[in-house]
Structure formats: C-alpha cells, structure tokens
Amino acid sequence: MLLHQLAHSRTGDKGNLVTISLIAYRKEDFALIEEKVTVERVAGHFSELIEGPVQRYSLPQLGALNFVLRRPVSNSVTRSLALDAHGKCLGSALLAMEI
Amino acid sequence: MNTLRIGCGAGYSGDRIDPAVELAEKGDIAYLVFECLAERTIAIAQKARLTDPVAGYDPLLEERMRAVLPICAQKHIRIISNMGAANPPAAAEKTRDIAQQLGHRGLRIAAVTGDDVLETLRAGIDEVDSLEGPLPPAETWLSANAYLGVAPIIEALRSDADIILTGRVADPALFLAPLVHEFRWSLEDWELLGKGTAVGHLLECAGQLTGGYFGDPGVKDVPDLDRLGFPIAEVSEDGSAVLTKIDGSGGVINAATCTEQLLYEIQDPAAYYTPDVVADFSGVAFSELGRDRVSVSGAAGRMRPSTLKVSIGYRDGYIGEGQISYAGPNALARAELARDILAKRLAGLEISELRFDFIGLNSIHGTQLSRNAAVPHEVRLRAAGRASSLAAAAWITREVEALYTNGPAGGGGASGSAREVIAIASALIPRDAVSHRVQILES
C-alpha cells in the first residue's frame, strides 16, 4: 500500500533544507508509520535528490513525523536550476513510498 | 478573560487581496497583519531601490492599502506588515499619501528600520557566523538584513501607530507584537512568548491554515478554494488560542490543516529559533471545537538566542532556461534527440552547470522516483544552465528556440528566459550589532 492511503504531507524549505511532514489520517496508524518510515528508508527513497543524513522528529500527540532533508547547496531555493526550485513537490514523492 | 482577534491578510507578496477585505469587513478583528516578505524579496527590492530611491517596498502595497485602509480606519483595525521591504520609510510615505487621498486624516503610520545591516557587515564585525559554508565575497553582496523581533513594533504600538510598516522582521513577530502589547506580556516570559509565536507561525501563511495548499481530491477535499477565507486567531491573555475563519468563506480549518501548517518549514519542533524566543512546538495539540474552530495548546518556549539571523542577498551569476514540447508517436525519442543536440551545442560555452528534464516524466522528482511512470502522450524538454554572463545564459534560450528549424520533427511551444540570480546566504550576528528605529508620519 502507498503511504498516500494512510497519511498526508506538506513540504517546506529553508535554504538548502527541505522539511517534510508526514501526518497520519487516523492516530491508530501512527505506530505503523513510525515503524516503517525510518530515516534510512527516507534517505534511500530520496537518494538521487539529497545528500547527507536525514533527521526525523516524532510528534505522537499529532500523529505526525517531521523530516529534515538536505539538498546540495547548488540546489538551494535561490540558486536551483530545477523547475521546482523550492522542492515543494517532494512531500508527494514521500507519499508514493510503498509500505 | 481578555481575548484579542488577529487576522492574517496575506501569506506572501503576491497573495489574493479580497480575503483581506473580507477579514476587515466581517472578521471582527483588532489587528490585520500582512506577511509579504520571502527570503529573497528584500534583495530584489534593494536592487530596485538602487535605481530608484523611492522604490523598494512591496509592489502591491498601494493596491492593498487602497482596498483595506478605508475599512480599517472606520473600524479602528490596526495594520501591521513587512510590506516596507527594502524601504519602509518610502512605504510609509506612500501609505500616508493614500490615506490623505482617501480622506482619512490623523492616521499614524510608523516605519520600522534598522534591519539593514549591510554597512555594518561591510565595515567588518567580529563574530559573524555563516550558517552554511563560507560567506560569498563581499563585493557580490546586494543586501544584508537582520531579522528583528517584536521590540520596534511594540514601540510603534505604544506611540499609537495605526499602521506599522517594517522591513525584515521575523514573521511570527508581526503577530506576537500585538499580543505582547495588548496583554502586557513580559519580554522574558518565554512560555507566553512561545505560545504567541506558535499562533504567529500558524497564521503567517494565511490561506495555508484554512485549506490552501491542502486539497487532494477524494482524500482531503476542500470546499470553495476559489473564495478561500483567511485565518483569524482568537487569543486569550494566557496564550491559549482558537483558530477560525469567517462563516461562509471558502476553505476549511481543522486539526489536519493546522498540523500541516504547524510543521511547515520547521526543523526541530522543540527548537524554533526566533529573535524573541526559542519556541517549543513539540507538545502542541489541536482540538476541534466545532466547524472551522480549532483550539491550540501546549506550545512553550525558552530564552531567546543571543544572536540574530541575517539574510545576505548576493549576485550569483545567471541562469538561462528554455523549453520545447514534443507530442504524439515517438515524442520522448524526439525530445531525447533534442536534448542530445543541445548538449553538444552548449558544450564549451561559459556554462558551469547544465540540466535537462522531461516535463511530464521526471522534471520534479528526478529519474529514480519517476522510474515507474508510463511514457506520456506529450513531453516537454527543459534545459537550464548556470552561466557567468547574461549573454551566455540567453544563449541557452536561443539554442532551445533554434530546435524549431534545426532539431527533431514536430517541436512546438518553445519558451525561455535568462535572468541574474540573486541568491541568499544566512549568517548569525550578535544582537547588539543591530539597533532599530521607529519613525511616525501622520496623514
């Protein structure tokens, strides 16, 4: 099943950092999401687009995880050659993860 | 308990204006805040000011003020905004002129300055900490602006300003300042400042709290995004708050929209750095009180940092871009042939970095995450490159256009542009290297 069925997401940016929230629709699914969507899996999922380690913060009372990813400095918001310079669409890519 | 209603009338410079008018007319608010300054906006505004000394403030300032000022003047709603951008005094003068033209005499309009630290940095101060790698060379700098906190806004409110125009101020401070002023919160009550900062952070992107940037048909449906209502916070003296919007406006506000916005652009939820407080959102909880009414609780805070963040805008070369579409049988193969031609034509020019994408196939998520996609009926080739001159950047656009008569069959819809890149670097400087000023004009 795709994460898209269990959770929703919003992506933000700060320089070359991308922040992606992952929020369970139902609080009872949060434990499964927390178990399956590890920093290692997220780093592997985005390996073509990011560099360095991924950080994950857990907010159980909100049923939410918050990920911080690092893009190469040449791909920071104000310098990027990418069509989506902010990386705004990356949250949608996370929701395409199979769990 | 005393409560204060604050509305957010803009979440970015180009935002819709009619929802702000709706807030002023029907929102029963005491303050209307417009957050209009992205990271790069000041640097671009500063560039405009170099050629025109009365330019450099928000391009929609006049349109916004003409739309809301008569209502706000009549209802005694105070306006706070960072639309001053690179030139708050000119923005204040413009606003005074508009007020006078509309027949509103005696309005007090404050301009907050002091965020511009370019000369301070150029003169060289110790203890500048770069936040990501070495700072760019000083000769490329266009602007350097420190993030001010609530202090100058509170000073303006104490001077009975009706309209306050700032340059760079931490976004949540635009909302925290009226709370501190009205409730006489201490500037060292970190817990309350943390709660007020959470409210400010939730409001600052306007429609993103009320269903904007949220809709996903069949999964997260949002009604009437064409007339999205902007958010209102009803804040109590103890820092607790209810988030809501005007009855009958479009959009939705619920625990899910609030959770998405709480975490938007946040790194460690337990340590959200602002000039006024290190806010802690890790214990925040939302509770749905009724339709489009959500209470927020649990935010906290710790002592403010001893440094202020500075955004340095600098000239960073040029980017040229071009696009052309191919459709029908063998569209992708023709687009790939076009890419190969461009790669050869552009080799050896002053282009340090070149990127090709197929829009519809891999331009957004890259090849790895897009690998299972079916080949679409139409493909748009996009070439983008970094160049050391505007002429070299424009060459990329020209070469893409030249694919019409020199490239594969059936190319269409070529477009492109070349521009100077104004990039942003961030640094930290000691708080005492920055001092603010408040000037007041009267209409």
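These numbers were taken from a predicted model, which means no experiment stands behind them. The numbers attached to residues start from 1 for each chain and follow its sequence in the written order. Written order determines the labels here, with chains lettered from A and ligands numbered from 1. The predicted origin of the model limits local features to residues at a pLDDT of at least 70 and limits the giving and counting of side-chain atom pairs to 80 or more, whereas totals for whole chains, interfaces and linings rest on all residues.

So, the overall build of chain A
Looking only at helices and strands, chain A features 3 helices and 5 strands. Elements are defined by DSSP. Helices are runs of H or I of four residues or more, strands are runs of E of two residues or more, and each kind is numbered from the N terminus. Taken from N to C terminus, the helices and strands of chain A fall in the order β-β-β-α-α-β-β-α. With respect to the principal axes defined by its C-alpha atoms, chain A has extents near 40 × 20 × 20 Å. Working definition of burial: number of other C-beta atoms within 10 Å of the residue's own, with buried at 20 or more, exposed at 12 or fewer, and partly exposed in between, all C-beta atoms being placed from the backbone. Counting over 99 residues, chain A shows a buried share of 47%. Any pair of residues counts as being in contact when their C-beta atoms, constructed from backbone geometry, are within 7 Å of one another. By sequence separation, contacts in chain A at least 24 residues apart represent 59% of the contacts at least 6 residues apart.

Considering helix H9 (residues 255–262) of chain B
Along H9 of chain B, 7 of the 8 residues are buried, which leaves the element largely enclosed by surrounding structure. All of the buried residues along H9 of chain B are Ala 256, Thr 257, Cys 258, Thr 259, Glu 260, Gln 261 and Leu 262 of chain B.

A closer look at the domain arrangement of chain B
We note that the domain assignment places domain 1 (3–125 + 146–308 + 429–442) and domain 2 (312–426) within chain B. Domain segmentation is taken from an automatic or database assignment of domains. Each of domain 1 of chain B and domain 2 of chain B has a C-alpha centre, and the two are 38 Å apart.

Quick look at the interface of chain A and chain B
Counting residues at the interface gives 30 residues for chain A and 40 residues for chain B. At the level of secondary structure, the elements contributing two or more residues to the side of chain A that touches chain B comprise strand E2 (11–14), strand E3 (17–24), strand E4 (55–59) and strand E5 (64–70) of chain A. Per-element accounting of the side of chain A that touches chain B gives the leading share, 4 residues, to E3 of chain A. Classification used: nonpolar for Ala, Val, Leu, Ile, Met, Phe, Trp, Tyr, Cys and Pro, charged for Asp, Glu, Lys and Arg, polar for all others including Gly. Looking at side-chain class alone, the side of chain A that touches chain B contains 14 nonpolar, 10 polar and 6 charged residues.

Observations regarding the packing of helix H7 (residues 173–183) of chain B against helix H8 (residues 190–203) of chain B
Residue and element names in this part refer to chain B. The geometry of H7 relative to H8 is characterised by a closest axis approach of 8 Å and an angle of 135° between their N-to-C directions. In terms of axis orientation, H7 runs oblique to H8. Between H7 and H8 lies a crossing of right-handed hand. Here Ala 173, Leu 174, Phe 175, Leu 176, Leu 179 and Val 180 of H7 lie close against H8, whose contacting residues are Leu 193, Gly 196, Thr 197, Val 199, Gly 200 and Leu 203. Of the residues contributing to the contact of H7 with H8, the split by class is 9 nonpolar, 3 polar and no charged. For helices, the axis comes from a line fit to the C-alpha atoms of the stretch in contact; other axes are also lines fit to C-alpha atoms, and the angle between any two N-to-C directions lies between 0 and 180 degrees. Just so you know how the angles are binned, under 35 degrees is roughly parallel, over 145 roughly antiparallel, 65 to 115 roughly perpendicular, and the rest oblique. If you view the pair so one helix is near and one far, a crossing is left-handed when the near helix is turned anticlockwise from the far one by less than a right angle, and right-handed when it is turned clockwise.

Observations concerning the pairing of strand E8 (residues 232–236) of chain B
Residues and elements named next belong to chain B. Direction of pairing for strand E1 (residues 3–10) relative to E8: antiparallel, over a ladder of 5 bridges. Residue pairing in the sheet places Gly 7 in a bridge with Ile 232 of E8. Think of it this way: DSSP has to see at least two bridges between two strands before they count as a pair. The loop that links E8 with its antiparallel partner strand E9 (residues 241–244) comprises 4 residues; one of these, Gly 239, has a positive phi angle of about 90°.

As for the sheet that holds strand E11 (residues 278–280) of chain B
Residues and elements named next belong to chain B. Read across the sheet, 3 strands follow the order E10-E11-E14 without closing on themselves; strand pairing throughout is antiparallel. For this open sheet the edge positions go to strand E10 (272–273) and strand E14 (300–302), each flanked by a neighbour on one side alone. Against the sheet, H8 touches E10, E11 and E14, its axis set at about 120° to E14.

Some details on unusual backbone geometry
Residues and elements named next belong to chain B. Its identity is not glycine, yet Asp 28 carries a phi of approximately 50°, on the positive side. Of note, Asp 28 is situated in the loop between helix H1 (18–26) and strand E2 (31–34). Judged by the 13 C-beta atoms lying within 10 Å of it, Asp 28 is partly exposed. Phi angles above zero are rare outside glycine, and Asp 292 is one such case at about 55°. In this fold, Asp 292 is placed in the loop between strand E12 (285–290) and strand E13 (293–297). For Asp 292, a count of 22 C-beta atoms within 10 Å corresponds to the buried category.

Here we look at the nonpolar core
If you look at the biggest cluster of nonpolar residues, it comprises 138 residues, and the most contacted ones within it are Leu 32, Ala 110, Ile 153, Ala 177 and Val 296 of chain B. Summarising the domain contributions, this core has at least three residues from each of domain 1 (3–125 + 146–308 + 429–442) and domain 2 (312–426) of chain B. The residues touching Ala 110 of chain B, leaving out its near neighbours within four places in the chain, are Ala 92, Ala 156, Ser 159, Ala 161, Ile 164, Leu 165, Val 438, Gln 439 and Ile 440 of chain B. In terms of nonpolar packing, the next biggest core, distinct from the first, is built from 24 residues, Ala 82 of chain A together with Ala 331, Val 379 and Ala 384 of chain B among them. Only buried residues count toward a nonpolar core: Ala, Val, Leu, Ile, Met, Phe, Trp, Tyr and Cys, linked into one set through C-beta atoms within 7 Å.

Describing the environment of Lys 75 of chain B
Residues and elements named next belong to chain B. Checked against the element boundaries, Lys 75 lands in helix H3 (residues 61–75). Taking the C-beta count within 10 Å as the criterion, Lys 75 has 14 such neighbours and is therefore assigned partly exposed. When the C-alpha positions of Lys 75 and Gly 207 are compared, they lie 23 Å apart, and in sequence the two are 132 residues distant.

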